[in-house]
Each structure stands twice: as structure tokens, then as C-alpha cells.
Amino acid sequence: MIPSSKNIRLFTNKYCSSANNVLRIVIYLLIYSGIPYSLSTNHDYGGYPDSCDLNEQPECTQTKSVDDKSKTVSNIMKKTDGHIAWIEPGEIGDENTFNFGDRILRRVTRAKDPPVYVIHDFLKEDEADKLRKHALKLKLEPSTSHAEGITFPYKGFGRKSKTTWIHYTDYDKIVKKLSRRFKRLTELPMKYIQKAELLQVAQYEKHGHYYTHTDSHNTVANRPCCGRVECEENSKFCCQLCRYITVMVYLNDVIEGGETVFPVADASDETLKKYQKEKPFDLSKHCYNSSLIITPSKGMAVMWYNHKLNPTFSGLGDLIERSYHGGCDVKYGEKWIANLWVVVDP
Ligand SMILES: O=C(O)CCC(=O)C(=O)O
Ligand SMILES: [Fe+2]
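Residues numbered from 1 in each chain as written. Chains lettered and ligands numbered in written order. Predicted model: local features only at pLDDT ≥ 70, side-chain atom pairs only at ≥ 80, totals over all residues. Heavy atoms only, no water.

- An unreviewed UniProt entry lists the protein chain under the name Fe2OG dioxygenase domain-containing protein, with Patella caerulea as the source organism.

Describing the nonpolar core
- Ranked by size, the top nonpolar core spans 48 residues in total, and within it Phe122, Leu131, Phe182 and Tyr244 carry the most contacts.
- The leading source of residues in this core is strand E18 (residues 335–343), at five residues.
- When near neighbours in sequence (up to four residues on either side) are disregarded, phenylalanine 182 contacts Phe122, Tyr171, Ile193, Leu199, Val247, Val249 and Leu340.
- Core analysis: the second largest hydrophobic core is formed by 19 residues, Val108, Phe262, Ile294 and Val302 among them. (Core = buried A, V, L, I, M, F, W, Y, C linked by side-chain atoms within 4.5 Å. Buried < 20%, exposed > 50% of the residue type's maximum accessible area, 1.4 Å probe, protein only. Helix = DSSP H or I, 4+ residues; strand = E, 2+ residues; numbered from the N terminus. Contact = heavy atoms within 4.5 Å.)

Some points on the site of ligand 1
- The local shell around ligand 1 consists of Tyr204, Tyr210, His213, Asp215, Met248, Thr260, His325, Gly327, Lys335, Ile337, Asn339 and Trp341.
- Interatomic distance of 3.1 Å between a side-chain N/O atom of histidine 213 and an oxygen atom of ligand 1.
- Contact between ligand 1 and threonine 260: an oxygen atom at 2.5 Å from a side-chain N or O atom of the residue.
- For ligand 1, the accessible surface in isolation is 290 Å², of which the surrounding protein chains cover 99%. (Near = heavy atom within 4 Å. Polar contact = N/O pair within 3.5 Å; in protein donor to acceptor, adjacent residues only side chain to side chain. Areas by Shrake-Rupley, 256 points an atom, 1.4 Å probe, with all protein chains shown as cover.)

Focus on the packing of aromatic side chains
- For the coordinates displayed, the defined rule picks out 10 aromatic pairs.
- Centroid distance tyrosine 171 to phenylalanine 182: 5.8 Å. Interplanar angle 85°. Geometry classified as edge-to-face. On the criterion of sequence distance, the pair formed by tyrosine 171 in helix H5 (residues 168–174) and phenylalanine 182 in helix H6 (residues 178–186) is long-range, its members being 11 residues apart. Of the two residues, tyrosine 171 and phenylalanine 182, neither departs from the other in class, the shared state being buried.
- With a centroid separation of 5.0 Å and 85° between ring planes, the pair formed by phenylalanine 262 and tryptophan 304 is classed as edge-to-face. (Phe/Tyr/Trp six-rings, centres within 6.5 Å; stacked < 30°, edge-to-face > 60°.)

Here you go:
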């Protein structure tokens with residue numbers, strides 16, 4: 001019998017729908033067994049629905065992709081029951097992709113200890129320009145080192161730049177949904193971005209630099225985190241630095257110099273000890289001995305962890321000793337950066 005088109009339709013409907021069902025079950029089993037995640041380190045964490053990003057509704061913490069990941073990648077802890085994300089760096093060169101609607105961005109591992117990631121084109125050229133223009137309008141003042149004398153050994157001469165600060169409600173107006181971009185990148189709940197320190201914009205002119213330092217330090221009991229309280233500038237006993245993550249974005253291309261360096265990233269214990277003993281923090285002399293050297297590129301973000309999490313993954317842990325870093329001399333041109341310091345209470 002020659003099958004009529006109606007018969008073919010019935011046949012295909014019947015068998016294709018059961019084939020579809022089988023396929024569905026296989027996909028379901030694969031997803032819930034975690035096999036896709038254990039087979040690949042190149043996860044796409046970019047799939048959160050838009051509606052989930054801004055207001056942190058409880059259901060947003062329960063999206064399937066989050067649950068899948070927390071089942072299979074145990075060290076990526078999510079905000080359910082108070083856990084805070086710590087993104088495992090994997091191997092150098094590993095990358096995760098993010099879908100930002102009109103473009104795909106890649107978060108690439110550049111170091112494992114501390115975990116350092118770079119994200120090219122995190123800001124578009126015109127967005128970086130707008131932030132710089134806004135900072136100029138606000139007027140930049142000669143930089144001081146926060147909590148001088150605690151994290152920074154030079155009392156002033158090791159940092160040559162100017163800075164100003166922008167609240168998230170303002171930078172979100174200048175660069176649409178930038179706070180949401182920070183949230184996606186850090187994989188932290190929005191409240192950590194909104195309660196981060198103000199966004200610092202810094203301008204280095206020729207010969208500008210920032211010698212080796214850590215952005216944070218080990219915390220002490222009974223002192224609030226800076227960014228949570230109003231303090232007199234440099235009054236180191238009023239607050240303490242609790243900067244879990246730094247996200248630094250280059251706002252221009254530097255003609256020559258101005259590299260960001262991590263002198264002892266991934267170094268052996270022996271090298272770290274020697275570094276801490278000899279303190280070759282003067283980057284005008286020691287820039288290029290660093291184990292990780294990042295060349296500024298307009299719009300690129302560099303993200304790193306300054307602290308581990310405490311053993312329950314619910315608060316700030318120890319300072320990561322190898323998070324020493326700094327900015328080398330700008331040899332020609334100038335250098336602009338924006339720093340977001342995400343605060344987590346101990
Ligand atoms: O300028 C750089 O590359 C590093 C800046 C920095 O470490 C800071 O502002 O804390
Ligand atoms: Fe720094």
C-alpha cells in the first residue's frame with residue numbers, strides 16, 4: 001500500500017513523539033547526573049533569565065542551571081542557604097562564556113593562586129569613555145592608600161595616581177546595567193554589588209604607578225568592614241578592609257607600560273617566603289620579574305580573589321597571600337582604571 005500523506009503524518013506523530021519522549025528522558029538523565037558538567041570545564045554560566053537579575057527574587061537562586069552546577073561543581077557555592085560563590089579557576093587558559101544579549105564574553109583563567117580571570121570587552125569602548133568623562137566631571141584627587149600602614153608599606157610614595165568614587169546608582173545610569181554585569185561576572189547576589197565599596201576610578205599620568213600591595217588584609221574581631229560605615233579618610237581603626245573580590249576594568253589603552261602585575265601568583269612556598277622577606281615591592285624596578293603580567297586593554301576586566309571563604313562558605317576567610325599585585329610605571333600616555341571592591345563580612 002502506498003502510504004497517504006495523512007498516514008505518514010500519523011505514523012511520524014506516533015513514533016516521533018515517543019522518540020521525542022525517549023530523547024527528553026535521556027537529556028533529563030544526563031543533566032541530573034551532572035555528566036555535561038563533569039565532561040567539560042567550559043561551562044556557560046550566562047543563561048540566567050533577565051527577570052532574575054535585578055531584584056534577587058528567591059526563585060532566581062533556584063534556576064535549573066544553578067542547581068545543576070552546585071550539584072556537580074561542588075566548589076561553586078550559590079547563595080541558597082547563605083553560601084557565597086567561590087569560582088574555581090580550573091587550569092590556566094580555561095574559560096567560561098557569558099551571553100550578554102548582543103555579545104558573548106569569555107572569562108579566562110590567568111592564575112590559580114590567587115584565582116585571576118580576564119574578560120576582554122567587558123565594557124564597550126564608548127562605555128569606558130563615558131565613565132572616564134564622568135570621573136573628570138567629578139574631579140579626581142591625588143590618591144591615598146586606604147587603611148594606610150596596614151596593607152601598604154610605603155606611606156604614600158608607592159602610589160602615584162588620582163582617584164574619584166562613583167555610587168552604583170550613578171554608574172548604572174552611565175553604563176546601562178553595569179551592576180548586573182558585575183553580578184554575572186562574580187556570580188554573587190546583587191546585594192553584594194550594591195553594597196560593594198563605591199566604584200573607584202583612577203587616573204595614572206606618565207610615571208604613575210601603584211607598587212606591590214594587597215587590596216585587603218586579615219580581619220580582626222569587632223571592627224566593621226570599610227564601605228559599611230562612614231569613616232574619616234585613613235582612620236585605620238574605624239573600619240577594616242574586607243575586600244573579597246577586586247574587579248578592575250581598564251578604561252583606556254596605555255601607549256606603553258602600566259601593566260598590572262601579580263609578582264608571586266602561583267609561586268612556590270619558597271618563592272613566596274623569599275618575596276615577603278626581601279620585599280621587592282618597587283615596581284619601577286621589579287615590574288617584569290612578576291609571574292603574571294597583564295597588559296592593559298581598553299574595556300578589559302581583571303577579576304581576582306583577595307580572600308578565601310571561611311570553611312562554611314558563608315563569610316570572609318583568610319587573606320590570599322599570593323594576591324600581591326600592583327600597577328607598573330606608565331611609560332607613555334596615561335592609564336585609567338575602575339575598581340570595584342566586593343565586600344564580604346567575616
Ligand atoms: O593599576 C593597576 O594596574 C592596579 C591597581 C590596583 O591594584 C589598585 O587600584 O588597587
Ligand atoms: Fe590593588
